[in-house]
Amino acid sequence: MIKKRYFQIVAIALFIVGAAYIVSTTFQSVGAINDDSDGSPSTDDALAKASPTEVISDLDPYLPMAVTKEGLTLEVLDYRWVENEALFDVKFPLVDERDWQLKNVYLEIDGKQYPLWATTMVEVVEPAVDGEQVVLRYENGIVKDEVIADTGKAYRIDTLTFGDVPLNLDKLDFMLVIKEISTTPNEGGYCKPDIIKSIQNPMEEAFPGIEIVCISEPGFDGFGIASDSTFVEDAEALSLFDTIVNRVLNARIIGLWQFSFGG
Amino acid sequence: MQKKMIHIVFVIMLVATLLPSSIAGAADEPKDLYYCSYSGCTGYYAPHQDCDDDARNVGAIYIRIPDTVGLNELRYSENCHSYWARTILYESGYYVGTTVDGPTDYSEASPAPLYAQQSIYTRMVTSASATRACGKVDDDHVVDVPVGVWCTIWHTNS
């Protein structure tokens, strides 16, 4: 009799556990839907695996072209030109979660350097966090984002645009030169003690008594020489200050990735 | 004996109440619970809502007059589904203005010339509508806003 009673109680308890779990899960789902009630996309396919969108030009058998320096392989996936603009799709690895960009880039045609005009993100596969990677993909004016299972590879593809290039570029030899991959702090990341110290110390050494200030307020980030400092108008101090701030603030991977194209 | 059974059932019910929420919390805790999202971010500066945590430059244009003196960026946060504009000055001595041109426009203009590597950025707008970032520098005057030059291409998030 007691055994039967015990069995009934255990059965009821298991039922309660199951029911409580179902109710709890339902409320969690409703909560998540409500969070996106302002029109955000469904997250049902959040774990769907992304397919890479590497567009390879049929026009050039040498693409994709890869160059490895500093242990990092950069690839030109495609290039094209529209009137006097030349566009290159370049893939580069992301070494950590920061917002890395290709910098100090130019196009060399007949010995003349054409500066980089603009960049557009084509695809970003961010470094994995907790076994998942966020993917951003830009297509036809729309940025789509999704979460995929960790692929072990984090990278970014950007379209680099150069302007005022010769109209007969397809008949010329030219070279895409990328000198560094760098990152600037995000908006809230300027006034960190180690950054301030790395600027203050060398400035103090060159100009004893100089005071460096870091300002981070809504809408503005940056370093400056204190306005009551005697060095605030000193051209030499300002020049050194620009150099040091540029060096300290922007993390850099210096390399020389050169891609040559024949006419 | 019956009293003991009641105690056991009570403990099981207590565990049952706590167990599902802890399992669900660990497995699929929505990240958006911690951030503003879409139009909920509009009008805020990114650091105020921690939206700069995962900020990415999704489009950029160099300001060339004719030398390159600055970079104008369209910034995007996937956590917050929002855009904003940021302009970074590369050479000291210029006034800077920046505008995020979207469903709502927000602009910032420096009241004085800036040092190199100083930057200004706008408030956020929802990424659900087409948006671009524009920026301008001037060596003589405060930049008039909104800015309509040196603009990135348009972006929308879906």
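Everything that follows concerns the structure shown earlier in this document.
Residues numbered from 1 in each chain as written. Chains lettered and ligands numbered in written order. Predicted model: local features only at pLDDT ≥ 70, side-chain atom pairs only at ≥ 80, totals over all residues. Heavy atoms only, no water.

Chemist: Quick one: what's the story with the pairing of strand E2 (residues 68-77) of chain B, residue by residue and with numbers?
Modeler: Residues and elements named next belong to chain B. Of all 10 residues that make up E2, nine are buried, and the element is covered over most of its length. What sits between strand E1 (residues 56-64) and E2 in their antiparallel hairpin is a turn of three residues. Sheet topology note: the E2/strand E3 (residues 82-89) ladder contains eight bridges and is antiparallel. Paired with Arg75 across the bridge in E3 is Trp84. Hairpin connection of E2 to E3: four residues between the antiparallel strands, including His81 at a positive phi of 50°. (Buried < 20%, exposed > 50% of the residue type's maximum accessible area, 1.4 Å probe, protein only. Helix = DSSP H or I, 4+ residues; strand = E, 2+ residues; numbered from the N terminus. Pairing = 2+ DSSP bridges.)

Chemist: Can you tell me about the environment of Leu240 of chain A, naming the residues and giving the values?
Modeler: All names here are of chain A. If you trace the backbone, Leu240 turns up in helix H3 (residues 235-249). Since its relative accessible area comes to 28%, Leu240 is described here as partly exposed. It is 22 Å that separates the C-alpha atoms of Leu240 and Ser216, two residues lying 24 residues apart in sequence. Not counting residues up to four positions away in its chain, the partners in contact with Leu240 are Met203, Ala206 and Phe207. (Contact = heavy atoms within 4.5 Å.)

Chemist: Any chance you could break down the packing of aromatic side chains for me, citing the residues and the numbers?
Modeler: All names here are of chain A. Counting across every chain of the model gives 12 aromatic pairs over all chains. Measuring from centroid to centroid gives 5.7 Å for Phe88 and Phe261, while their planes differ by 55°, and the two rings are tilted. Highlighted residues: Phe88 in strand E3 (residues 85-93) and Phe261 in strand E12 (residues 251-261), separated in sequence by 173 residues. Note on Phe261: relative accessible area 4%, which makes it buried. (Phe/Tyr/Trp six-rings, centres within 6.5 Å; stacked < 30°, edge-to-face > 60°.)

Chemist: I'd like a rundown of helix H2 (residues 193-206) of chain A, residues and numbers included.
Modeler: Residues and elements named next belong to chain A. For H2, built from 14 residues, the straight-helix expectation of 20 Å at 1.5 Å per residue is met to within 8% by its first-to-last C-alpha distance of 20 Å. Three or more residues of H2 are buried, namely Ile195, Ile199, Gln200 and Met203. The buried residues of H2 all sit within an arc of 115° when viewed along its axis, so they share a single face. Exposed and facing more than 90 degrees away from the buried side of H2 are Pro193, Asp194, Lys197 and Glu205. Buried-residue contacts for H2 involve strand E10 (212-217), strand E11 (220-225) and H3. (Expected span 1.5 Å × (residues − 1). Arc of directions from axis to C-beta.)

Chemist: Any chance you could break down the pattern of salt bridges for me, citing the residues and the numbers?
Modeler: With the rule as written, the count across this model stands at 16 salt bridges over all chains. Of the charged contacts, one joins Asp99 of chain A and Arg156 of chain A as a salt bridge, the two residues approaching to 3.6 Å between their closest N and O atoms. Taken together, the residues span a long stretch of sequence, with Asp99 of chain A in the loop between E3 and strand E4 (101-109) and Arg156 of chain A in strand E8 (residues 155-162) at a distance of 57 residues. You can call Asp99 of chain A buried: its relative accessible area is 5%. Assessed through its relative accessible area of 1%, Arg156 of chain A is described here as buried. One salt bridge connects Arg56 of chain B with Asp99 of chain A, and the closest N-O pair in it is separated by 3.9 Å. Of this pair, Arg56 of chain B sits in strand E1 while Asp99 of chain A sits in the loop between E3 and E4, which puts the two residues in different chains. Across the pair, exposure class does not vary: Arg56 of chain B and Asp99 of chain A are buried alike. Among the charged side chains, a salt-bridge network with shared partners connects Asp99, Glu126, Arg156, Asp158 and Glu187 of chain A together with Arg56, Glu73, Arg75 and Arg86 of chain B. (Salt bridge = Lys/Arg side-chain N within 4 Å of Asp/Glu carboxyl O.)

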